[in-house]
Amino acid sequence: MKKLLFASVMVVILVGGLLAACASPAPAPAPAPAPAPSPAPAPSPTPAQPPQVIEWRAQLGESSASVQMQSLESLAGSIKSASNGQLVIKTFPGGAIVPSDEEFVAVHDGILDMTLQSCGDWTSIFPQADLFAFMPGGMSSMESLFWNLEGGGLELVREMLNGYFEAFPARMTPPEAFLSSVKPINTVADIAGLRIRTPGGSVDGVAFERMGAAIVNLPGSELYEAIQRGVIDTFQYGYPAQDFAVSFYEVIDYYYLSPVRQPTDFAYYSVNNESWAALPDDLKLIVQQNFIMEGLTNYSKMTSADAVAIEFYKDYGVSVEPMSEEIEIAIIDVAAEIYDERAAADPFVAKVLESNRKYMKDLREAYPRL
């Protein structure tokens, strides 16, 4: 009996062990979740740096009250605004930094960053430069601008300068008065014997001389007194608003108008090579666009001022007349002879004349009533 009981107990133990072995083990307790790391603070943004301000110095050979200085100051304001203050041009009148009429050399030397001059003022270094200012019987203000922008004129200017500085087309003036005079001038015969003031060596001056006039070279500041005292009989100076500003109507009797002798006085902005190279491309574009826009704006103002001046001359009692066609044709023909003589002696002059004459001919054939 005891043996039977012992065997029964052993069976129960073995069956229980087998059942325990087949059962799934109890799951291990889940580990406690790790705390989420605190987010790292975002770095403070680097404050934007203000754009670099570039300053240029510009001087003209004019007084602070001149139309040209007003135009330069207007240009400086437009460029400062368009560039959001990145390019500031400080303007100075003649003599403030370098002597008047030496500005283009100072631009080359880096004393000035820029100036505005008729390229006729460059002839002390570049004797062909007057070809780009004006030619008697040549292109008008707008034709000159178009020739520079589209007809190859600017490329020829830069070829002549050969890197002396950067040049950009800029200012055009209206035609100068043909002559201011105390004597009537109606025929070519009337030119002979006249004492005419023109700048020394100018083509129109040489043409008058070949027509029999005596050429007197005087600075503009002396003209009023010179014609009043009889030192000269007639003179050329500027476009009507310029002549009016210095009261020439008080000392002349005849005011002859014609675009033929000096159709315009084309001027270029001269910019120092290093100053130009240092500008980023966006500022270069702003500068070039504003050069042209200010030139056109200033030209429109000058033509309006001319109309007012001419009316004043008439009201004052000056005889305002168109120059006779006979004299216009004569000065065109004589000037052409002078240019042809220069072209025969200088291949670059010949190259400029060919380009200039062809462009003018093509333009006027396309727009005969322009």
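Whatever comes next refers back to the structure up there.
Draft legend 1. Just the overall build of the chain, in detail. In terms of helices and strands, the chain carries 13 helices and 11 strands. Taking all 370 residues of the chain together, the buried fraction comes to 43%. The long-range fraction of contacts in the chain, counting pairs at least 24 apart against all pairs at least 6 apart in sequence, stands at 75%.

Draft legend 2. Layout of the packing of helix α7 (residues 203-210) against helix α12 (residues 325-345). The N-to-C vectors of α7 and α12 enclose an angle of 115°; their axes lie 9 Å apart at closest approach. Relative to α12, α7 is oriented roughly perpendicular. Viewed along their axes, α7 and α12 form a crossing whose handedness is right-handed. In this structure, α7 contributes Val203, Asp204, Val206, Ala207, Phe208 and Arg210 to the contact, and α12 contributes Ile331, Val334, Ala335, Glu337, Ile338, Tyr339, Glu341 and Arg342. Of the residues contributing to the contact of α7 with α12, the split by class is 9 nonpolar, no polar and 5 charged.

Draft legend 3. Structural view of the packing of helix α2 (residues 67-82) against helix α11 (residues 281-316). Where α2 contacts α11, the axes come no closer than 10 Å and their chain directions differ by 140°. Read as a crossing pair, α2 and α11 show a hand that is right-handed. Contact with α2, carried on its side by Val67, Ser71, Ser74, Leu75, Ser78, Ile79 and Ala82, involves Ile286, Val287, Asn290, Phe291, Glu294, Asn298 and Met302 of α11 and no other residues of that element. Looking at the contact of α2 with α11 residue by residue, the class counts come to 8 nonpolar, 5 polar and 1 charged.

Draft legend 4. Focus on the pairing of strand β2 (residues 87-92). Alignment of strand β1 (residues 54-59) against β2, held across 6 bridges, turns out to be parallel. Following the sheet pairing, Glu55 is matched in β2 by Val88. Handedness of the β-α-β unit built from β1, α2 and β2 comes out right-handed.

Draft legend 5. Quick peek at the environment of Val182. Mapped onto the fold, Val182 is located in the loop between β5 (179-181) and α6 (188-191). For the pair formed by Val182 and Gln228, sequence separation is 46 residues and the distance between their alpha carbons is 9.1 Å. Those residues within four positions of Val182 in sequence are excluded, and the remaining contacts are Ile227, Asp233, Val251, Ile252, Asp253 and Tyr254.

Draft legend 6. View of the side chain of Ser118. Along the chain, Ser118 falls in strand β3 (residues 114-118). Residue Ser118 is classed as buried on the basis of its relative accessible area, which comes to 9%. Here Asp265 takes part through its side chain, which lies 2.7 Å from a polar atom of the side chain of Ser118. Once residues within four sequence positions are removed from consideration, Ser118 is found in contact with Ala133, Asp265, Phe266 and Ala267.

Draft legend 7. Fine view of the nonpolar core. Counting 58 residues, the largest nonpolar core has Trp122, Phe132, Leu161 and Phe208 as the members making the most contacts within it. Only α3 (103-109), α4 (141-150), α5 (153-161), α7, α12 and α13 (347-366) provide two or more residues apiece to this core. The greatest single-element share of this core, amounting to 8 residues, is contributed by α12. Dropping the residues within four chain positions of it, Phe208 is found in contact with Phe178, Leu179, Ile191, Ile196, Thr198, Ala213, Ile215, Arg261 and Ile331. In terms of nonpolar packing, the next biggest core, distinct from the first, is built from 24 residues, Ala58, Leu75, Ile79 and Val287 among them.

Reading guide: rules and limits
Residues numbered from 1 in each chain as written. Predicted model: local features only at pLDDT ≥ 70, side-chain atom pairs only at ≥ 80, totals over all residues. Heavy atoms only, no water. Helix = DSSP H or I, 4+ residues; strand = E, 2+ residues; numbered from the N terminus. Buried < 20%, exposed > 50% of the residue type's maximum accessible area, 1.4 Å probe, protein only. Contact = heavy atoms within 4.5 Å. Axes fitted to C-alpha atoms, helices over the stretch in contact; angles between N-to-C directions. Parallel < 35°, antiparallel > 145°, perpendicular 65-115°, else oblique. Left-handed = near helix turned anticlockwise from the far one by under 90°. Nonpolar A, V, L, I, M, F, W, Y, C, P; charged D, E, K, R; others polar. Pairing = 2+ DSSP bridges. Right-handed = clockwise from strand over helix to strand, strands pointing away. Polar contact = N/O pair within 3.5 Å; in protein donor to acceptor, adjacent residues only side chain to side chain. Core = buried A, V, L, I, M, F, W, Y, C linked by side-chain atoms within 4.5 Å.

None of the figures reported here should be taken as evidence of function without further support.
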